[in-house]
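# Structure at a glance
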Amino acid sequence: MPKASKAVNTKPEITSEILNGFIFNLCENLLTRFFAKLSSNDWMIKRATTVHHYTSIQTLYHIIESQSLIATNALYLNDKNEYRQGIYAYKFEMEHSDTFKKSSKLVRDLVSHIYPKLDSLSVSDYYVTCFSAEQDLLSQWNAYGDSGSGVSISFNIDALAGCFQHRIRGSWINYDLYKKLKRVQIINNEFFKGYSRLVREFRFKDEQQILEVGAELYLKHLVPVFVSSHKDRAFEQEHEYRFALKNEMGTDLDIEFMVKNNKTITPFTRLILGEKYWKDQYDKMPPKQQPAVLPTSVVNKLPITEIMLGPLVDEAFVTPGLKMYLESRGYGAVKISKSSIPLR
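Residues numbered from 1 in each chain as written. Predicted model: local features only at pLDDT ≥ 70, side-chain atom pairs only at ≥ 80, totals over all residues. Heavy atoms only, no water.

## So, the overall build of the chain
- In terms of helices and strands, the chain carries twelve helices and ten strands.
- Oriented by its inertia axes, the alpha-carbon framework of the chain measures out at about 100 × 55 × 40 Å.
- Evaluated residue by residue, the chain yields a buried proportion of 45% over its 344 residues.
- With an accessible surface of roughly 19100 Å², the chain has 53% of that area assigned to carbon and sulfur atoms.
- Looking at the chain, you have 44 positive and 39 negative side-chain charges, and the mean spots of the two groups are 5 Å apart. (Helix = DSSP H or I, 4+ residues; strand = E, 2+ residues; numbered from the N terminus. Buried < 20%, exposed > 50% of the residue type's maximum accessible area, 1.4 Å probe, protein only. Areas by Shrake-Rupley, 256 points an atom, 1.4 Å probe, with all protein chains shown as cover. Lys, Arg positive; Asp, Glu negative; His and termini not counted. Charge placed at Lys NZ, Arg CZ, Asp CG, Glu CD.)

## Side note on the packing of aromatic side chains
- Enumeration according to the criterion identifies 16 aromatic pairs in this entry.
- An angle of 5° between the planes, with centres 5.9 Å apart, marks the rings of Phe191 and Tyr195 as stacked. Of this pair, Phe191 and Tyr195 are both found in helix H9 (residues 177-201), four residues apart, which corresponds to roughly one turn of the helix.
- The buried category is assigned to Phe191, whose relative accessible area is 0%.
- Residue Tyr195 is classed as buried on the basis of its relative accessible area of 0%.
- Of the aromatic side chains, those joined through ring pairs into one cluster are Phe22, Tyr90, Phe100, Phe191, Phe192, Tyr195, Phe204 and Tyr218.
- Seen from the ring of Phe235, Lys231 lies directly overhead, with NZ or CZ sitting 4.6 Å from the centre.
- In this arrangement the basic side chain of Lys301 is found over the ring face of Tyr331, its NZ or CZ atom lying 5.7 Å from the centre. (Phe/Tyr/Trp six-rings, centres within 6.5 Å; stacked < 30°, edge-to-face > 60°. Lys NZ or Arg CZ within 6 Å of the ring centre and 35° of its normal.)

## Examining the pattern of salt bridges
- Overall, the coordinates contain 13 salt bridges when judged by the stated rule.
- Lys105 is the partner of Asp109 in a salt bridge, and the nearest nitrogen-oxygen pair spans 2.7 Å. Of the two residues, Asp109 and Lys105 are both situated in helix H6 (residues 105-114); the distance of four residues between them amounts to about one turn of the helix.
- Classification of Lys105 by relative accessible area gives exposed; the value is 54%.
- Note that Arg233 and Asp176 form a salt bridge whose closest N and O atoms lie 3.0 Å from each other. Here the residue Arg233 occupies a position in the loop between helix H10 (207-226) and strand E6 (240-246), and Asp176 occupies one in the loop between strand E5 (169-172) and H9, the gap between them amounting to 57 residues.
- On the basis of relative accessible area, Arg233 is assigned to the partly exposed category, the value being 48%.
- Through salt bridges with shared partners, a single network forms among Lys231, Glu238, Glu240 and Arg242. (Salt bridge = Lys/Arg side-chain N within 4 Å of Asp/Glu carboxyl O.)

## Some words on the nonpolar core
- Leu118, Phe191, Phe192, Tyr195, Tyr218, Leu222 and Phe226 are the most contacted members of the largest nonpolar core, which totals 48 residues.
- Elements with a contribution of two residues or more to this core: helix H1 (16-41), helix H4 (82-96), H6, strand E3 (126-132), H9 and H10.
- With eleven residues, the top contributor of residues to this core is H10.
- The residues touching Phe191, leaving out its near neighbours within four places in the chain, are Phe22, Ile23, Leu26, Gly214, Leu217, Tyr218 and Leu222.
- In terms of nonpolar packing, the next biggest core, distinct from the first, is built from 38 residues, Leu302, Leu309, Val313 and Tyr325 among them. (Core = buried A, V, L, I, M, F, W, Y, C linked by side-chain atoms within 4.5 Å. Contact = heavy atoms within 4.5 Å.)

## Describing the side chain of Asp176
- Residue classification places Asp176 among the buried positions, given a relative accessible area of 18%.
- A polar contact of 2.8 Å, which involves the side chain of Asp176, links it to the backbone nitrogen of Tyr178.
- Within the local environment of Asp176, its side chain forms a polar contact with the side chain of Arg233, the two groups lying 3.0 Å apart.
- Excluding residues within four positions of it along the chain, Asp176 makes contact with His230 and Arg233. (Polar contact = N/O pair within 3.5 Å; in protein donor to acceptor, adjacent residues only side chain to side chain.)

## Focus: H4
- Compared with an ideal rise of 1.5 Å per residue, which puts 15 residues at 21 Å, H4 spans 21 Å between its outermost C-alpha atoms and is within 8% of the ideal.
- For H4, the full list of buried residues reads Glu82, Tyr83, Gly86, Ile87, Ala89, Tyr90, Lys91, Glu93 and Met94.
- Looking at the buried residues of H4, the elements they touch are helix H5 (98-101), H6, H9, H10 and E6. (Expected span 1.5 Å × (residues − 1).)

## Looking at H9
- The end-to-end C-alpha distance of H9 is 36 Å, a good match for the 36 Å that 25 residues give at a rise of 1.5 Å each.
- Along H9, the residues that are buried comprise Lys180, Arg183, Val184, Ile187, Asn188, Phe191, Phe192, Gly194, Tyr195, Ser196, Leu198 and Val199.
- On its buried side, H9 packs onto H1, H4, H5, H6, E5 and H10.
- Measuring from the backbone nitrogen of Tyr178 back to the side-chain oxygen at the start of H9 gives 2.8 Å, which picks out Asp176 as the cap.

These values are about where atoms sit, not about what they do.
The structure is reproduced here in structure tokens:
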């Protein structure tokens, strides 16, 4: 009697392209979902067509000269507990949620594999640029606008995300810890449900690969997108909007360092305007490899709509030079205004 042949696994093999597509689509769908819910409930966010970046006049000059914005490593933002509390929310949910206890063996094994590794996320690969929905807010002037002697730069929110050489994610910050925990529940539910579907539909090498790949997707690509999306209620009036960029293979990020407030060495990178980036690349190419024209999709100007002078700025003295400078750099249409806050 002939021996029975082994059953052939007809499932297609899992690939990095499938995994990358899964985590990318998941993050995009969740960001859209969270943003829609925020904007429908928050009047300030719902009406925002511009976002505002408070800084010094000197930094305004460097922004326009370099055609770039600075993005600071997420570990060095002004809420010192932000990143740590974000990680804690994921640990708390995994430790206390009854949902995982009732889940499939695969999900329980994944949670057991991921949970102890959450503590290893002590270094962030994300770099962040922050804005506010408020154009003229005293706390923002004091904290970021050179103590009232700086400027508030207004950007068109729709045009901003697409004007840099790297693809960046924008999102509004949440200040409610309960809502953050609810978000983590949704994120976990969608991730483990989606990854379980991949395991059913595609062929992995073995059980260990399933756990290792799942942990990498969760820890390196999912958690970092959302871990810095919450701040303490003490910062709520900022109505913060944030761009985040991940430093990973293929992004070609130049990481630089600066001494911040004479207290710490802070990693940062630059979000460079598309046209400047391509011109820099063009200059580095051998003459025979230089394209005849730059890509038509590149943007040649930052989408600045207005520059508001801080409450302590001498408007009559500063405005003429600022206006001449903006016109000389192609920003002549930018409105110049003055803060209405009566600070002295």
